[in-house]
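Below are the chains, spelled out letter by letter.
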Amino acid sequence: MKKVKAVVKLQIQAGKANPAPPVGPALAQHGINLMQFCKAYNARTAGQAGNIIPAEITIYQDGSFDFELKSPPTADLLRKAASVEKGSSEPNRDKVGTITREQLRDIAETKMKDLNAIDIEGAMRQIEGTARGMGIQVEA
Amino acid sequence: MRWLEVSVEVDAEAAEAVAEVLSRYVERGVAIEAGPDGWHAGPVVVRAYLPDDDERWARRKQIQEGLWHLGQIVRIPEPSFRSVAEEDWTEAWKKRLRVLRVGAHIVIQPSWLDYEHEAGDVVIRLDPGMAFGTGLHPTTQMCLVALEELVRPGMEVVDLGTGSGILAIAAAKLGARDVLAVDSDPQAARVARSNVIGNGVQGTVRIKRGSLSDVAGTYDLLVVNILAKVIVELVEQGLCERMRRGAFFVGAGITSDRTPEVIAAFKSKGLEILDQRQQDDWVTLLAKRP
């Protein structure tokens, strides 16, 4: 098994990886073949334009790498569920939207495999934390 | 052009929330980086990049405010800011690579570097990419040395778990008549195919996406650079039956603590252990079917 040097998750637009930031500086410092990543990412996300599709890149000590596509960022799913354009800039005071517990559970299920949570309750707590940070409330 | 890099070191749990705040001020997305042990094994760094222009102070202030508000809910350390010069990031990775000599005659040459050939050199042209086997790892190097010692002109060779195809290409260039290179990963099979063509050995090396069941017939040499567990499984599934009398087995990717299992598996199939070599924590076994 090759030794892992770092793991980098890029939250970027599907089909639009190119050497500009954040992709260029985030990957170039690890000495990996940037264009090969961009081409492969764009090919694999071609059908999902308009969405942010995170890629988790595992970089090995010998300079090789591989990557996996992940579920959309929690914040993206929360924005869609609450039908808001963006999160609150003052989340502790200014609430921008509300989602139901049902919606929270749906998002937790979508994100479950990427969260390392022990169970669905744990995943829901993590997502509720992200929601609070965005000024999105969860109905009691 | 210059960029302003914002970075915030946080717990993995807070990373998404921080990424969300930063992504409001950048158009092109954010990067989250974890160390060798992955997420949840210590802090991660969230980074985003803004144009470093006349608006920089206003942007910095917006980000600091956004993070301050988030900080009222979860603990967020101060962000750091750094100006980064735009460079040709596509070329940066090439700077670290050199022409590499392995064993007595094998030379691994990145495609964009010139190099003075010496008589007897076996040159493999290879650029690191999305497949294992760049020539920089001890297991790959030990396999190359073993192939240099064992491959004789006319041999028929199998490379299981070929990755970038480096070992199959080496076997072909060392004189093998036929090399079957197999990998279960479609990405590796594509990379290997392109490297085989780049080295002009497509007449000798056949790339197959598959596993042991795709290896028919018997051979003079098997090279398997994967993992101890996988080698043991392959041996149990009948890999050694693909060996002719007098054939060699080069097994690698074995950590020192797992070596006895592989030796036991080899012996259970009547193989004779010729040598056990170690570099760092990696062991390579050379075995022979009597």
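See the structure shown above.
None of the values given here were measured: they were computed from a predicted structure.

**Some remarks on the packing of aromatic side chains**
Residue and element names in this part refer to chain A.
Line of reasoning, step 1. All chains considered together, the criterion is met by three aromatic pairs over all chains.
Line of reasoning, step 2. With a centroid separation of 5.1 Å and an interplanar angle of 75°, the aromatic rings of Phe 37 and Phe 67 are classed as edge-to-face. Taken together, the positions of Phe 37 in helix α2 (residues 34-45) and Phe 67 in strand β3 (residues 65-69) put the pair 30 residues apart, joining distant regions of the chain. Accessibility assignment for this pair places Phe 37 and Phe 67 in one class, buried.
Line of reasoning, step 3. Chaining the aromatic ring pairs together yields one cluster made of Phe 37, Tyr 41 and Phe 67.
Line of reasoning, step 4. For Arg 44, the ring lying beneath its charged end belongs to Phe 67, and the centroid distance is 4.1 Å.

**Considerations on the side chain of A:Thr130**
Line of reasoning, step 1. With respect to the helices, strands and loops of the structure, A:Thr130 is situated in helix α5 (residues 120-133).
Line of reasoning, step 2. Residue A:Thr130 is classed as buried on the basis of its relative accessible area of 5%.
Line of reasoning, step 3. Apart from the residues lying within four places of it in its own chain, the contact partners of A:Thr130 are A:Thr74, A:Leu78, B:Glu16 and B:Ala17.

**Section: the sheet that holds strand β9 (residues 178-183) of chain B**
Residues and elements named next belong to chain B.
Line of reasoning, step 1. Reading across from one edge, β10-β9-β8-β11-β12-β14-β13 is the order of the seven strands in this open sheet, with mixed pairing throughout. Across the chains shown, the open sheet's two edge strands, defined by having one partner strand only, are β10 (205-209) and β13 (272-279). For this sheet, the mean inter-axis angle between neighbouring strands, taken without regard to orientation, is 15°.
Line of reasoning, step 2. Sheet analysis places strand β11 (residues 219-225) next to strand β12 (residues 243-255), joined by six bridges and oriented parallel. Opposite Tyr 219, over in β12, you have Met 243 as the bridge partner.

**A short note on unusual backbone geometry**
Line of reasoning, step 1. Cis peptide bonds are those with omega within 30 degrees of zero, and the linkage from A:Pro21 to A:Pro22 qualifies with 0°.
Line of reasoning, step 2. Tracing the backbone through its elements, the reader meets A:Pro22 in the loop between β1 (4-13) and α1 (23-28).
Line of reasoning, step 3. Even without being glycine, A:Ser83 reaches a positive phi, approximately 50°.
Line of reasoning, step 4. Topologically, A:Ser83 is positioned in the loop between α3 (74-82) and β4 (97-99).
Line of reasoning, step 5. Among the residues examined, A:Ser83 registers a relative accessible area of 65% and is labelled exposed.
Line of reasoning, step 6. Even without being a glycine, B:Asp280 presents a positive backbone phi close to 50°.
Line of reasoning, step 7. Note on placement: B:Asp280 falls in the loop between β13 and β14 (282-288).

Rules of the game
Residues numbered from 1 in each chain as written. Chains lettered and ligands numbered in written order. Predicted model: local features only at pLDDT ≥ 70, side-chain atom pairs only at ≥ 80, totals over all residues. Heavy atoms only, no water. Phe/Tyr/Trp six-rings, centres within 6.5 Å; stacked < 30°, edge-to-face > 60°. Helix = DSSP H or I, 4+ residues; strand = E, 2+ residues; numbered from the N terminus. Buried < 20%, exposed > 50% of the residue type's maximum accessible area, 1.4 Å probe, protein only. Lys NZ or Arg CZ within 6 Å of the ring centre and 35° of its normal. Contact = heavy atoms within 4.5 Å. Pairing = 2+ DSSP bridges. Axes fitted to C-alpha atoms, helices over the stretch in contact; angles between N-to-C directions.

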